[in-house]
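# Observations on chain architecture
For reference, the chains in residue letters:
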Protein chains: 2
Amino acid sequence: MATQTKPILHGYFRSSCSWRVRIGKSCVEYDQLPVNLIKDGGQQLTEEYKALNPMQQVPTVEIDGITLSQSLAVIQYIDETRPGPRLLPADPKARAQVRMISDLIASGIQPLQNLYVIQKIGAEKMQWSQHFIDRGFQALEPILKQTAGKYCVGDEISMADICLVPQVYNAERFKVDVGKYPTIKQLNEALLEIEAFQVSHPSRQPDTPDDLRA
Amino acid sequence: MATQTKPILHGYFRSSCSWRVRIGKSCVEYDQLPVNLIKDGGQQLTEEYKALNPMQQVPTVEIDGITLSQSLAVIQYIDETRPGPRLLPADPKARAQVRMISDLIASGIQPLQNLYVIQKIGAEKMQWSQHFIDRGFQALEPILKQTAGKYCVGDEISMADICLVPQVYNAERFKVDVGKYPTIKQLNEALLEIEAFQVSHPSRQPDTPDDLRA
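Residues numbered from 1 in each chain as written. Chains lettered and ligands numbered in written order. Predicted model: local features only at pLDDT ≥ 70, side-chain atom pairs only at ≥ 80, totals over all residues. Heavy atoms only, no water.

The name an unreviewed UniProt entry gives chain A is Maleylacetoacetate isomerase, with Neolamprologus brichardi as the organism. Recorded in UniProt for chain A, the comment headed Subcellular location (unreviewed entry) runs: "Cytoplasm". Among the UniProt annotations of chain A, the heading Pathway (unreviewed entry) holds the following wording: "Amino-acid degradation; L-phenylalanine degradation; acetoacetate and fumarate from L-phenylalanine: step 5/6." (UniProt positions renumbered as here; feature names shortened; annotations may be inferred.)

## Digging into the nonpolar core
W128 and L164 of chain A together with W128 and L164 of chain B are the most contacted members of the largest nonpolar core, which has 122 residues in total. Every residue in contact with W128 of chain B, bar those within four places of it in the chain, is listed here: V117, K120, I121 and W128 of chain A together with L112, V117, I118 and I121 of chain B. (Core = buried A, V, L, I, M, F, W, Y, C linked by side-chain atoms within 4.5 Å. Buried < 20%, exposed > 50% of the residue type's maximum accessible area, 1.4 Å probe, protein only. Contact = heavy atoms within 4.5 Å.)

## Describing the domain arrangement of chain A
Residue and element names in this part refer to chain A. For chain A, the assigned domains are domain 1 (7–84) and domain 2 (92–197). On a C-alpha basis, the centres of domain 1 and domain 2 stand 20 Å from each other. Of the residues lining the interface, 14 residues belong to domain 1; the matching set on domain 2 comes to 20 residues. Taking both sides of the interface into account, the surface hidden between domain 1 and domain 2 amounts to around 1600 Å²; carbon and sulfur atoms contribute 68%. (Domains from an automatic or database assignment. Buried area = accessible area lost by both parts, 1.4 Å probe.)

## Remarks on empty space enclosed by the protein
In this structure the tally under the stated criterion is three cavities of 30 Å³ or more. Taken as a whole, the largest cavity spans an internal volume of roughly 60 Å³. Lining the largest cavity, in full, are L72, Q76, R99, D103 and M159 of chain A together with L72, Q76, R99, D103 and M159 of chain B. Those elements that place two or more of their residues in the lining of the largest cavity are α3 (71–81) and α4 (92–108) of chain A together with α3 (71–81) and α4 (92–108) of chain B. Tallied by class, residues from the lining of the largest cavity come to four nonpolar, two polar and four charged. The calculated volume of the second largest cavity comes to roughly 50 Å³. Looking at the second largest cavity, the residues that line it are V21, G24, K25, Y30, V74, I75, I78, D79 and L87 of chain A. (1 Å grid on protein atoms, 1.4 Å probe; cavity = no way out; pocket = protein on both sides within 12 Å on 5 of 7 lines; lining within 4 Å. Points joined across faces, edges and corners; volume = space filled by probe spheres on them. Helix = DSSP H or I, 4+ residues; strand = E, 2+ residues; numbered from the N terminus. Nonpolar A, V, L, I, M, F, W, Y, C, P; charged D, E, K, R; others polar.)

## Thoughts on the relation of the copies chain A and chain B
Overlaying chain A with chain B gives an RMSD of 0.0 Å, the required rotation being 180° about an axis along which the chain moves by 0.0 Å. Such a combination of turn and shift is consistent with a two-fold rotation axis. In terms of proximity to the rotation axis, the leading residue of chain A is S107 of chain A, whose C-alpha is 2.2 Å off the axis. Taken together, the interface assignments show that 100% of the residues at the interface of chain A recur at the interface of chain B, consistent with an identical surface on both copies. (Least-squares fit on C-alpha atoms with pLDDT ≥ 70 in both.)

## Some thoughts on the interface of chain A and chain B
With 41 residues of chain A at the interface, the matching set in chain B holds 41 residues. For the pairing of chain A and chain B, the buried interface totals around 3800 Å² over both sides, and the portion due to carbon and sulfur atoms is 66%. Interface area lost by chain A to chain B is led by M55, R99 and R135 of chain A, which between them contribute 16%. If you look at where chain A meets chain B, you find four salt bridges. A salt bridge links E80 of chain A to R95 of chain B; its shortest N-O distance comes to 2.8 Å. One can count 15 residue pairs in polar contact (both at pLDDT 80 or more) joining chain A with chain B. When residues of the side of chain A that touches chain B are traced back to their parent elements, those giving at least two are β4 (66–69), α3, α4, α5 (115–121) and α6 (125–147) of chain A. When residues of the side of chain A that touches chain B are assigned to their parent elements, the largest contribution, 12 residues, is made by α4 of chain A. Across the side of chain A that touches chain B, the residue classes break down as 22 nonpolar, 11 polar and eight charged. (Salt bridge = Lys/Arg side-chain N within 4 Å of Asp/Glu carboxyl O. Polar contact = N/O pair within 3.5 Å; in protein donor to acceptor, adjacent residues only side chain to side chain.)

## Quick look at the sheet that holds strand β2 (residues 31–34) of chain B
Residues and elements named next belong to chain B. Across the sheet, four strands lie side by side as β2-β1-β3-β4; this open sheet has mixed pairing. The sheet is open, and its two borders are formed by β2 and β4 (66–69), each paired with just one other strand. Sheet twist, expressed as the average angle between the axes of neighbouring strands with direction ignored, equals 20°. Of the strands in this sheet, β3 (60–63) and β4 touch α3, which is tilted by about 130° from β4. (Pairing = 2+ DSSP bridges. Axes fitted to C-alpha atoms, helices over the stretch in contact; angles between N-to-C directions.)

## Re the UniProt feature "domain: GST N-terminal" (unreviewed entry) in chain A
Residues given the UniProt feature "domain: GST N-terminal" (unreviewed entry) here are residues 5–86 of chain A. Between the end C-alpha atoms of residues 5–86 of chain A there is a gap of 22 Å, over a span that is 30% helix and 20% strand.

## Some points on the sheet that holds strand β1 (residues 8–11) of chain A
Residues and elements named next belong to chain A. Strand order across the open sheet formed by four strands is β2-β1-β3-β4, with mixed pairing between neighbours. Each of the sheet's edge strands pairs with one partner strand only, and the pair in question is β2 (31–34) and β4. Sheet twist, expressed as the mean angle between neighbouring strand axes with direction ignored, is 20°. Across the sheet, α3 touches β3 (60–63) and β4, and the angle it forms with β4 is around 130°.

## Considering unusual backbone geometry
Here the amide bond leading from V58 of chain A into P59 of chain A is cis, since omega sits at 0°, within 30 degrees of zero. Here P59 of chain A shows up in the loop between α2 (47–52) and β3. Its identity as a non-glycine residue notwithstanding, K175 of chain B has a phi of 60°, on the positive side. With respect to the element layout, K175 of chain B can be found in the loop between α7 (159–173) and α8 (182–191).

See below:
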């Protein structure tokens, strides 16, 4: 049966959207096929990869006979078709809050640090990225203050947590002072204690360069 | 009962994300409270509005006692809590494709034309927006060629259609030649025949200026 084949994850160790998918549900194991976004001018730009993902981005997941891109679409598909604790809560209002926080990050913050965007920005890319991450975190902080329990929405791990941790990692790469956002900082620290967030970390992937390996 | 109060939609006639929510489910009527993104330096920047939506964007929806931002979170909440034909298909694979197309637009294209982004780009904003819309449409066209029936995914209206039409409207505002993308063009034309897309059009809102009114 198609659903019993291991899904293939085309990703990159440091891509925050690839990391989201790797956190996903702990019951799902992938065959990881690294796509090096830097080497050879960017392996995502080959015609072969473009046929798989016309946006020429990572991640792409081949699963159950279909090819999916867009990390949140992948995460929700896996959440709906695999067993295990749900990453979208059963209560419609809590579910809406999970999606609101996920999209605030996935549409409101991350796209502005995408490789093809900051390549176009050029020399200003550090200030540009800091500006938009700070802008987003200033909005996210008061929202999380209202919705958070142990994790982003209440006390259960959700898709919002899966979006938060890789975004904080990106913020640190771009030298944003995350200490200005105490709720974000605390949630990130709590989440990084969890195994699913640890084993999926950019410092521990098959394509992690030796000097960045934990 | 809270669910019987009319939800309040804080939006702007020309915002593509506000338009997405207005298309939504035809059974839902909103009290529309316009937020003029240009007038008075931007009414979304007031402290009062910031308390409602810390990202200082439109749309914001007050519904069932909660305040939601992020258009796709709003659309899915309403889809899950109101009667009528579902905007997310029942089949998990079709649902994943709807989300993939929606997110390709909502995370991969639209954020780069957000007002606060193009204000930072300044004089180059027209070329910048064209570049990223063309980049996105070049990816969307082959995907839609595979998924589309009468509409973006098969023959039923979905969230993907709700994302497509406002993005094509944006493309036309930024003078992108949509004729280069025959599948996108044809789907857009078919969708604009439908009443829900017509009554929600930017040219027919309470805050539409007289010279842009249809």
